[in-house]
Amino acid sequence: MKLFNHRKFYDKDSLSVDEIGDNPISFFIKWFNDAEKSDQIIESNAMTVSTVDINNHPSSRVVLLKEIKDKSLIFFTNYNSKKGKEIENNPNICASFYWPPLERQVIIKGIVKKTSEHYSDIYFKSRPFQSQVGAIVSNQSQIISSYDELKNRYDKFLKENENSSLKRPKHWGGFELFIQEIEFWQGRESRLHNRVICNLIDDKWSLKLLSP
Ligand SMILES: Cc1cc2nc3c(=O)[nH]c(=O)nc-3n(C[C@H](O)[C@H](O)[C@H](O)COP(=O)(O)O)c2cc1C
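The numbers attached to residues start from 1 for each chain and follow its sequence in the written order. Predicted model: local features are reported for residues with pLDDT of at least 70 only, side-chain atom pairs are reported and counted for 80 or more only, and whole-chain, interface and lining totals are derived from all residues.

A. Summary view of the pairing of strand β4 (residues 92-99). For two strands to be treated as a pair, DSSP must find at least two bridges joining them. Secondary structure elements follow DSSP: runs of H or I no shorter than four residues count as helices, runs of E no shorter than two count as strands, and numbering proceeds from the N terminus. Where strand β1 (residues 46-52) meets β4, three bridges bridge the pair, whose relative direction is antiparallel. Its bridge partner being in β4, Ser 50 is matched across the sheet by Cys 94. Pairing between β4 and strand β5 (residues 104-114): eight bridges, direction antiparallel. Within β5, the position partnered with Ala 95 by the bridge is Ile 108. Where β4 folds back on β5, the antiparallel hairpin that results is connected by four residues, among which Glu 103 adopts a positive phi of roughly 55 degrees.

Shown next as structure tokens:
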């Protein structure tokens, strides 16, 4: 299947170093809010997180961003999952967003640390009961013999724990990505896109233009 003719024209907006200013994370929040406001973007907080294994083989998957802090982003997952184990071995990760209706991409790199147990508990409690059960019964990234096996485990757990307050499993919680680099990409005419890369050096942001 050839996709040679799949191409789109980008002409919605432009981006300059001056617009970003001296705090690229504030600018990221501005772009994030634009994505939130767009009724064509269903999950603006869906981000692709890439990790590498001990042989330097990369893997990517989508997770949901749950908090933007002054210098970091937070998402939640199973610490025993493939990504969880890879992060344990190499905490350097890349998280990226693509918001097609805005013709914008953001690529963020940095180092990840587990959030505090207390913070993970608070978020776990805020999840719907069914999602809490899902996190408890699913050994994320492990091979299962059938979907029914998982569903039966879920139904059994649900029946046995109806109306009870569930405890967060220790192997499920938050990861906080401390941002060291952010690249903003705005699609432009003739593939002459705007790219600005921002690096945090000695607690100060350095902004540079990149060729598309
Ligand atoms: C829209 C979307 C949102 C997702 N959100 C999460 C999430 O917040 N946390 C998570 O662990 N997995 C999430 N997933 C599932 C992951 O993409 C992935 O399948 C899972 O985390 C296992 O990844 P791993 O085996 O590479 O560790 C989401 C998937 C999609 C498509």
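B. Summary view of the environment of Pro 169. Its location among the elements puts Pro 169 in the loop between α6 (147-160) and β6 (172-186). In this structure the C-alpha to C-alpha distance between Pro 169 and Phe 4, which are 165 residues apart in sequence, comes to 48 Å. Residues in contact with Pro 169, not counting those within four places in the same chain, are Ala 135 and Ile 136. The contact criterion used here is simple: two residues whose C-beta atoms, placed from the backbone, lie within 7 Å are in contact.

C. Here's a closer look at the site of the ligand. Taken together, 16 residues sit near the ligand, with Arg 61, Thr 77, Ser 81, Lys 83 and Ser 141 positioned nearest. Mapped by element, the contributors of at least two residues to the shell around the ligand are β2 (58-68), β3 (72-78) and α3 (82-89). The element best represented in the shell around the ligand is β2, accounting for five residues. Classes in brief: Ala, Val, Leu, Ile, Met, Phe, Trp, Tyr, Cys and Pro nonpolar; Asp, Glu, Lys and Arg charged; the others, Gly included, polar. Partitioning the shell around the ligand into residue classes produces six nonpolar, six polar and four charged. By definition, a residue lies near a molecule or strand when the C-beta atom built from its backbone is within 6 Å of it.

D. Representation of the pairing of β2. In this sheet, β2 lies alongside β1 in antiparallel orientation, the contact comprising seven bridges. By the bridge assignment for β2, Val 49 is matched with Arg 61. Here β2 runs beside β3; their pairing, made up of three bridges, is antiparallel. Residue pairing for β3: Ile 68 is matched across the bridge by Leu 73. In this structure, the hairpin formed by β2 and β3 is closed by a connection of three residues.

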